[in-house]
Amino acid sequence: MRASTIIFALLFSYVALLVTAEDYFAEKFDKNWESRWVKAYPKKAENADGEWGWSAGKFYNDAEKDKGLQTTQDAKFYTISAEFPKEFSNRGKDLIIQYTVKFEQNIDCGGGYLKIYPASLDQENMNSESEYNIMFGPDICGSSTRRVHVIFSHNGKNHLIKKEIRPETDEFTHIYRLVVKPDNTYEVYIDGDKKESGSLEEDWDILPPKQIKDPNAHKPSDWVDEKEIADPEDKKPEGWDDIPAEIPDPEASKPDDWDEDLDGEWEAPQIPNPEYKGAWKAKQIPNPAYKGEWVHPLVDNPDYHPNANLYAYDSFKYVGIDIWQVKSGTIFDNILITDSEEKADKWLAEWEVQKEGEKKAHDKHKEEERKKAEAEKASEASEEAEEETDTENDKDEL
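Because the structure is a prediction, the values reported are computed rather than measured.

Chemist: Now, about empty space enclosed by the protein: what can you tell me, with residues and values included?
Modeler: Tallied over the entire structure, the rule returns two cavities of 30 Å³ or more. Considered as a void within the structure, the largest cavity measures approximately 60 Å³ in volume. Forming the walls of the largest cavity are Ala 56, Tyr 60, Asp 66, Thr 100, Val 101, Lys 102, Thr 173, Ile 331, Asp 333, Gln 354 and Glu 358. Broken down by secondary-structure element, the contributors of at least two residues to the lining of the largest cavity are strand E6 (95-103), strand E22 (330-338) and helix H4 (341-397).

Next comes the structure, spelled out in structure tokens:
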């Protein structure tokens, strides 16, 4: 009887989990995507806003299913957002942010991240200063900036993760996932592989430090922190200071045409003295009075207060893309915001299928480009040969 009760309880818990799991936003960018997304033009005065396209790119697994939101103009800003069906809070629940991004253009400098906004966002006037809750995703610029941003906003300040998470930088579609849990922990996955995890308190400087240097403590005036001292028994050798740094070059000789009446008395040029050893210094020996490096004692920080709700936001209402790109072509797709790991894993499995087909299409596309380039090169060579033949014929006629 007891065993059956336990089994029933487990089944009830599983069913309850399925019932309460919720997808807050799911976007695969079908043909009606423009009815759900609002474009903003914060750089209109400078003519620096880029236009969005809807494309699967140059190579893909499925021409329709793989279509996403694509940047189309180089050296432009891109700003766009979509509203969730309803406002929600992640308080007491897991929050999963997952999406795919494809740097088909072999990106040299530009962002590929998402921002999740509260209800206060003004979509039509959205810009880089618009307040957001979470920013997540890759950012690449040359070899110096290659990182996955995980930024949490608290009390009007944006806090960057202190750990370095490297993004994928090739031209294929990759899937990024951020999981934020009610126990103030997080996980970052790329292509289903866990890349980083830990504590929100430890891996961000959101809270003041638990301990600070004791403001009343000072290094004692008689503290000795010199590891070595000059040996008092060591004596400078006799004649040390009599050795000059330079000496006349013994290989030099007065030129035959030297005229002392006109040129003055000849002197051999100076060269470094191989016997010169520099200024004398006593050898160093361990300092018997050395006490070690003085360590400033720590005390509890009166400004530190633990916060069990670092993970929680009371308002999530929009997802947006707010980026700059030098070279366009990035494709955003499959944006999922949910508390269901099962749903996120389902979309991950769909990406696995897409990845295999995309790789085959990529190889085929590259082979077609290679053949096209060879054909163009052969055609140019043929045209040049014909021109040379025509030139020779013209000469013969003359």
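Chemist: Give a detailed account of the side chain of Asp 66, specifying residues and quantitative values.
Modeler: You can see Asp 66 is positioned in the loop between strand E3 (52-55) and strand E4 (68-71). Summary of buried charges: Asp 66 has no salt-bridge partner, and the nearest side chain of opposite charge, Lys 102, is 6.8 Å away. Of note is the side chain of Asp 66, whose polar atom sits 2.8 Å from the backbone nitrogen of Asn 61. Those residues within four positions of Asp 66 in sequence are excluded, and the remaining contacts are Ser 55, Ala 56, Tyr 60, Asn 61, Asp 333 and Gln 354.

Chemist: Can you explain a negative patch on the surface? Please cite residues and give values.
Modeler: Taken together, the side chains of Glu 376, Glu 380, Glu 383, Glu 384, Glu 386, Glu 387 and Glu 388 define an acidic patch exposed on the protein surface. Take Glu 387: it is sitting in helix H4.

Chemist: I'd love a proper account of the nonpolar core, names of residues and values included.
Modeler: Ranked by size, the top nonpolar core spans 59 residues in total, and within it Ile 134, Phe 136 and Val 319 carry the most contacts. Residues in contact with Ile 134, not counting those within four places in the same chain, are Leu 95, Ile 97, Leu 114, Lys 115, Ile 116, Ile 151, Phe 152, Leu 178, Tyr 313 and Phe 316.

Chemist: Residues and numbers for the packing of aromatic side chains, please.
Modeler: This structure, assessed with the given rule, holds 18 aromatic pairs. Ring geometry for Trp 52 versus Phe 332: centroids 6.3 Å apart, planes at 70 degrees, classification edge-to-face. Placement of Trp 52 in strand E3 and of Phe 332 in strand E22 is noted, with a sequence separation of 280 residues between them. Feature note: the residues Tyr 24, Phe 25, Phe 29, Trp 33, Trp 37, Phe 84, Phe 88, Tyr 313 and Phe 316 constitute an aromatic cluster, connected by ring pairs. Just above the ring of Trp 347 sits the side chain of Lys 28; from NZ or CZ to the centre is 3.8 Å. The ring of Phe 59 carries the charged tip of Lys 102 above its face, separated from the ring centre by 4.1 Å.

Chemist: Can you tell me about the environment of Ser 35, naming the residues and giving the values?
Modeler: As for its placement among the helices and strands, Ser 35 is situated in the loop between strand E1 (23-27) and strand E2 (37-39). A relative accessible area of 63% places Ser 35 in the exposed class. With 124 residues separating them along the chain, Ser 35 and His 159 place their C-alpha atoms 33 Å apart.

Chemist: If you had to explain the state of the cysteines to someone new, which residues and values would you point to?
Modeler: Inspection of the entire model under this criterion finds one disulfide. Here Cys 109 engages in a disulfide with Cys 141; their sulfurs sit 2.0 Å apart. Negative torsions about the S-S bond denote left-handed disulfides, and the value of about -90 degrees found for Cys 109 with Cys 141 makes this one left-handed. Residue Cys 109 is located in strand E7 (residues 109-111), and its partner Cys 141 is located in strand E9 (residues 134-141); the two are separated by 32 residues in the primary sequence. Residue Cys 141 is classed as partly exposed on the basis of its relative accessible area of 29%.

Chemist: Which residues make up the pairing of strand E13 (residues 185-190), and what are the values?
Modeler: Among the six residues that make up E13, five are buried, leaving the element largely enclosed by the rest of the structure. Pairing geometry for strand E12 (residues 173-180) and E13, over five bridges, is antiparallel. Bridge pairing in E13 links Val 180 to Tyr 186. Turn length for the E12-E13 hairpin, with the two strands adjacent in sequence and antiparallel, is four residues, and the turn residue Asn 184 shows positive phi of about 65 degrees. Relative to strand E14 (residues 193-199), E13 runs antiparallel, the two being bridged by six bridges. Residue pairing for E14: Thr 185 is matched across the bridge by Ser 199.

Each value, and the rule that gives it
- Residues numbered from 1 in each chain as written.
- Predicted model: local features only at pLDDT ≥ 70, side-chain atom pairs only at ≥ 80, totals over all residues.
- Heavy atoms only, no water.
- 1 Å grid on protein atoms, 1.4 Å probe; cavity = no way out; pocket = protein on both sides within 12 Å on 5 of 7 lines; lining within 4 Å.
- Points joined across faces, edges and corners; volume = space filled by probe spheres on them.
- Helix = DSSP H or I, 4+ residues; strand = E, 2+ residues; numbered from the N terminus.
- Buried < 20%, exposed > 50% of the residue type's maximum accessible area, 1.4 Å probe, protein only.
- Lys, Arg positive; Asp, Glu negative; His and termini not counted.
- Salt bridge = Lys/Arg side-chain N within 4 Å of Asp/Glu carboxyl O.
- Polar contact = N/O pair within 3.5 Å; in protein donor to acceptor, adjacent residues only side chain to side chain.
- Contact = heavy atoms within 4.5 Å.
- Patch = residues over 30% accessible without salt bridge, like charges linked within 9 Å, V, L, I, M, F, W, Y side chains within 5 Å.
- Areas by Shrake-Rupley, 256 points an atom, 1.4 Å probe, with all protein chains shown as cover.
- Charge placed at Lys NZ, Arg CZ, Asp CG, Glu CD.
- Core = buried A, V, L, I, M, F, W, Y, C linked by side-chain atoms within 4.5 Å.
- Phe/Tyr/Trp six-rings, centres within 6.5 Å; stacked < 30°, edge-to-face > 60°.
- Lys NZ or Arg CZ within 6 Å of the ring centre and 35° of its normal.
- Disulfide = S-S within 2.5 Å.
- Pairing = 2+ DSSP bridges.

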